[in-house]
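The lines below spell out each chain.
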Amino acid sequence: QKEVEQNSGPLSVPEGAIASLNCTYSDRGSQSFFWYRQYSGKSPELIMFIYSNGDKEDGRFTAQLNKASQYVSLLIRDSQPSDSATYLCAVLSNTGNQFYFGTGTSLTVIP
Amino acid sequence: NAGVTQTPKFQVLKTGQSMTLQCAQDMNHNSMYWYRQDPGMGLRLIYYSASEGTTDKGEVPNGYNVSRLNKREFSLRLESAAPSQTSVYFCASRSDSSTDTQYFGPGTRLTVL
């Protein structure tokens with residue numbers, strides 16, 4: 001079983017809709033969770049991190065964490081064509097040294 | 001403040017050749033990382049360094065060596081390149097807080113023929 005699993009997509013949503021991206025992880029001791037956005041040919045950039053159960057909102061982005069279910073999600077409200085990218089879920093190991101990445105979900109926002 | 005820099009940006013090698021990928025950060029971070037990214041495989045950790053003078057293996061270390069030259073620099077060496085090492089390589093750094101993210105360099109696209 002991989003440490004972090006994501007649906008690879010592709011996920012397509014119309015402009016203005018909500019995009020929902022999901023991630024599950026295997027290590028119950030993990031404490032910190034990160035969402036990165038990666039445009040084609042570019043390096044990953046941080047969108048949000050979360051470490052407490054519940055929701056965390058930042059502008060159009062909301063991260064949700066459920067440690068009991070070992071589940072992290074990212075909601076993008078009012079999706080824009082500029083949100084079209086691959087979204088990577090990352091989990092910091094319980095030792096605090098290593099990040100484990102999912103394979104990424106490709107999102108396309110259709111104008 | 002350049003963040004994380006990597007050289008070269010592109011490289012083509014023949015099987016058996018060696019090369020070193022360079023990475024430097026100017027954010028005074030303790031931890032540095034080397035990843036490779038292949039289609040459909042996500043980012044996989046090759047080696048990391050939690051502090052100057054220490055290095056540890058990640059998920060896919062075979063065929064690679066690393067050197068943490070000082071706090072700023074962390075290099076990745078391929079001693080005898082193989083076609084299976086064709087990939088995009090990213091260097092990253094972060095501070096020690098558990099909520100601190102990694103900052104990535106622009107990447108090196110390596111092709112081994």
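Keep in mind that what you see is a predicted model, and the values were worked out from it rather than measured.

> Describe the state of the cysteines, naming the residues involved and giving the relevant values.
All names here are of chain A. In this structure the tally under the stated criterion is 2 disulfides over all chains. Here C23 is linked by a disulfide to C89, with a sulfur-sulfur distance of 2.0 Å. The sign of the -70° torsion about the S-S bond sets the C23-C89 disulfide as left-handed. Within this pair, whereas C23 is found in strand 3 (residues 19-25), its partner C89 is found in strand 9 (residues 85-92), the two being separated by 66 residues in sequence. When sorted by exposure, C23 lands in the same class as C89, which is buried.

> If you had to explain the environment of B:N30 to someone new, which residues and values would you point to?
Residues and elements named next belong to chain B. The residue N30 is located in the loop between strand 3 (19-25) and strand 4 (31-38) in this model. Once the C-alpha coordinates of N30 and E52 are considered, the two residues, 22 residues apart in sequence, prove to be 7.0 Å apart. When near neighbours in sequence (up to four residues on either side) are disregarded, N30 contacts S49, A50, S51, R68, K71, R94 and D96. A distance of 3.3 Å separates the side chain of N30 from the side chain of K71, its partner in a polar contact.

> So what about the sheet that holds strand 7 (residues 61-66) of chain A? Which residues, and what values?
All names here are of chain A. The strand order 1-3-8-7-6 describes an open sheet built from 5 strands, whose pairing is antiparallel. In this open sheet, the two strands that pair with only one neighbour each are strand 1 (4-6) and strand 6 (54-58). Going from strand to strand, the sheet's axes swing by 20° on average, the running direction of each strand aside. Where strand 3 lies against strand 8 (residues 71-76), 6 bridges are found, and the strand directions are antiparallel. Among the inter-strand pairings, S20 is bridged to a residue of strand 8, identified as L75.

> An account of the sheet that holds strand 3 of chain B is needed here, citing residue identities and associated values.
All names here are of chain B. Taken in spatial order, the 4 strands of this open sheet run 1-3-8-7, and their pairing is antiparallel. Sheet topology places strand 1 (4-7) and strand 7 (64-68) at the edges, where each strand pairs with a single neighbour. Within this sheet the neighbouring strands show an average axis-to-axis angle of 15°, counted without direction.

> Lay out the side chain of B:H29 with the relevant residues and their values.
Residues and elements named next belong to chain B. Mapped onto the secondary structure, H29 falls in the loop between strand 3 and strand 4. Engagement of the side chain of H29 in a polar contact is seen with the side chain of S93, the distance being 2.8 Å. Reaching out from H29, the side chain makes a polar contact with the backbone nitrogen of R94 at a distance of 3.3 Å. The residues touching H29, leaving out its near neighbours within four places in the chain, are R68, K71, S93, R94, S95 and Y103.

Quick notes on the rules
- The residue count restarts for each chain, going from 1 along the sequence in the order it is written.
- Chains and ligands are labelled sequentially in the order written, the chains with letters from A and the ligands with numbers from 1.
- It should be noted that, the model being predicted, local features are given only for residues of pLDDT at least 70 and side-chain atom pairs only at 80 or more, the latter also being counted only at that level, while totals for whole chains, interfaces and linings use all residues.
- Think of the side-chain values as coming from all heavy atoms in the structure, minus any hydrogens and water.
- Disulfides are defined in this document as cysteine sulfur pairs within 2.5 Å.
- Here a helix means four or more residues in a row that DSSP labels H or I, a strand means two or more in a row labelled E, and each is numbered from the N terminus.
- Relative accessibility thresholds used throughout: buried, under 20% of the residue-type maximum; exposed, over 50%; partly exposed, between the two (1.4 Å probe, protein chains only).
- The contact criterion used is simple: two residues touch if any of their non-hydrogen atoms lie within 4.5 Å.
- Side-chain atoms alone can form a polar contact between residues adjacent in sequence; in general such a contact is a pair of N or O atoms within 3.5 Å, and within protein one must be able to donate a hydrogen while the other accepts it.
- Paired strands, as defined in this entry, are two strands with at least two bridges between them according to DSSP.
- Between N-to-C directions, angles span 0 to 180 degrees; the directions come from axes that are lines fitted to C-alpha atoms, helices contributing only their stretch in contact.

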